[in-house]
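Structural features, examined
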Amino acid sequence: MDLPLDHDQDPNPMDVDSSAPHWFGRTGTRPTGVVATEDVFTAAGHATGLVATLLLTVTVVLGTMHAGRASSASFPRFAMHAVHRNASLLAVAFLLMHVVIAIGKPHSGLSWPVALVPYSSAVPHPIWLGMGTVALELLLAAIVTSVLRPRIGFRYWRAVHVMAYASWPLAIAHGLGLGTNDRRLGWMVAIYTGCGVAVAAAIVRRWLSVDADRDARRAAKAARR
Ligand code: HEM
Ligand code: HEM
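Residues numbered from 1 in each chain as written. Chains lettered and ligands numbered in written order. Predicted model: local features only at pLDDT ≥ 70, side-chain atom pairs only at ≥ 80, totals over all residues.

1. Let's talk about the environment of V204
In this fold, V204 is placed in helix 7 (residues 186-224). Along the backbone, V204 and T64 are 140 residues apart, and their C-alpha atoms lie at a distance of 9.7 Å. (Helix = DSSP H or I, 4+ residues; strand = E, 2+ residues; numbered from the N terminus.)

2. Observations regarding the nonpolar core
Core analysis: the largest hydrophobic core is formed by 29 residues, its most contacted members being L56, A91, A135 and L139. Elements with a contribution of two residues or more to this core: helix 1 (32-67), helix 2 (77-104), helix 3 (112-116), helix 4 (126-147) and helix 6 (154-178). When residues no more than four places from it in sequence are discounted, the contact partners of A91 are A52, L55, L56, T59 and L139. (Core = buried A, V, L, I, M, F, W, Y, C linked by C-beta atoms within 7 Å. Buried ≥ 20, exposed ≤ 12 C-beta atoms within 10 Å, placed from the backbone. Contact = placed C-beta atoms within 7 Å.)

3. Looking at the packing of helix 2 against helix 4
Here helix 2 crosses helix 4 at 140°, and the two axes come no closer than 11 Å. Comparing the axis directions of helix 2 and helix 4 gives the class oblique. Classified by chirality, the crossing of helix 4 by helix 2 is left-handed. Taking contact as the criterion, the partners of S88, L89, A91, V92 and L95 in helix 2 are, on helix 4, L136, L139, L140, A142 and I143. (Axes fitted to C-alpha atoms, helices over the stretch in contact; angles between N-to-C directions. Parallel < 35°, antiparallel > 145°, perpendicular 65-115°, else oblique. Left-handed = near helix turned anticlockwise from the far one by under 90°.)

4. Quick look at the UniProt feature "transmembrane region" (unreviewed entry) in the protein chain
Sequence positions flagged by UniProt for "transmembrane region" (unreviewed entry) are, in local numbering, residues 47-67, 87-107, 127-148, 160-179 and 185-208. Helix makes up 95% of residues 160-179 and strand 0%, and the two end C-alpha atoms of the span are 28 Å apart. Here residues 185-208 is 96% helix and 0% strand, with 35 Å between the C-alpha atoms at its ends. (UniProt positions renumbered as here; feature names shortened; annotations may be inferred.)

5. Focus on helix 2
A turn of α-helix holds 3.6 residues, and therefore any two residues three or four places apart point the same way. With 28 residues, helix 2 ought to run about 40 Å at 1.5 Å a step, and its terminal C-alpha atoms sit 40 Å apart, in line with that. Those residues of helix 2 that sit buried are H84, A87, S88, A91, L95, H98, V99, I101 and A102. (Expected span 1.5 Å × (residues − 1).)

6. A word on the site of ligand 2
Surrounding ligand 2, one finds 20 residues, the nearest of these being G63, A67, S88, S146 and A164. Of all the elements in the fold, those that place two or more residues in the shell around ligand 2 are helix 1, helix 2, helix 4 and helix 6. Broken down by element, the residue count for the shell around ligand 2 peaks at six residues, all from helix 1. Here the shell around ligand 2 is composed, by residue class, of nine nonpolar, 10 polar and one charged. (Near = placed C-beta within 6 Å. Nonpolar A, V, L, I, M, F, W, Y, C, P; charged D, E, K, R; others polar.)

7. Section: the site of ligand 1
Taken together, the neighbourhood of ligand 1 is formed by 31 residues, with G45, G49, G132, G175 and G179 sitting nearest. Put simply, the parts of the chain that give the shell around ligand 1 at least two residues each are helix 1, helix 2, helix 4 and helix 6. Of all the elements, helix 1 adds the most residues to the shell around ligand 1, at seven residues. By residue class, the composition of the shell around ligand 1 is 17 nonpolar, 12 polar and two charged.

Shown next, in the form of structure tokens:
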């Protein structure tokens, strides 16, 4: 069900008050041309943020499935690995656009230092914004250590890679915290719910497969005795 989207009823959380820097402009407070420019940034900010959220979900689900030894004839492990790697790179590409748009948006009050160093300066809703920054940095660390994996070795790579799990709840909290009242739309609820179910299912399946691996190892050991 589509609910009415009235900014006066439910203002964007980034619109603190009319004198503060605006990340999402509210119509009626500035000349028509400026509002139109801001609307383009607003739409682009939503779109890139949502696409990045979906790609991040695909990345985490496939990484978890790969680590849980999932495979099938139509989706073998090497293909899972390739899609996992490419989805992660695409997610970061969309995130860089997302950040450039957030910074470039008129009246945003954001800058690269604020976007890259969490809680470094006074911005509206620093907790939600800082979560996005930390999530992005965890993703970058996962990618950089994957590129450097032959040099740094499996142990360090894996330590950083396991931390990438945290990027997902941080990114979701950031999107929900800063998202506009679009989140009341049915399809937005469906996207967030679908992402949550997919990640939860992949993690549960992974746990079960770890148990199965361990049981098989124990049975093999007992048979050797
Ligand atoms: C993994 C990292 C990130 C993800 C997945 C992500 C995703 C999202 C999503 C889904 C939204 C809500 C869109 C809507 O419903 O209106 C959003 C909003 C926002 N994000 Fe991010 N974001 C991330 C990192 C960042 C970073 C590092 C910044 C730093 C500048 C940032 C700045 C913003 C701002 C200012 C908003 C509110 C305005 C807008 O929607 O453009 N995000 N983000
Ligand atoms: C956005 C960046 C990335 C994120 C968020 C991410 C996330 C994950 C997660 C959550 C896992 C499951 C870890 C586990 O439970 O053991 C995983 C596994 C894996 N990832 Fe990534 N990953 C990213 C980028 C990459 C890149 C660029 C590569 C490089 C090729 C890569 C290669 C792998 C491999 C090989 C596994 C499976 C490890 C195993 O089978 O034990 N990942 N990833």
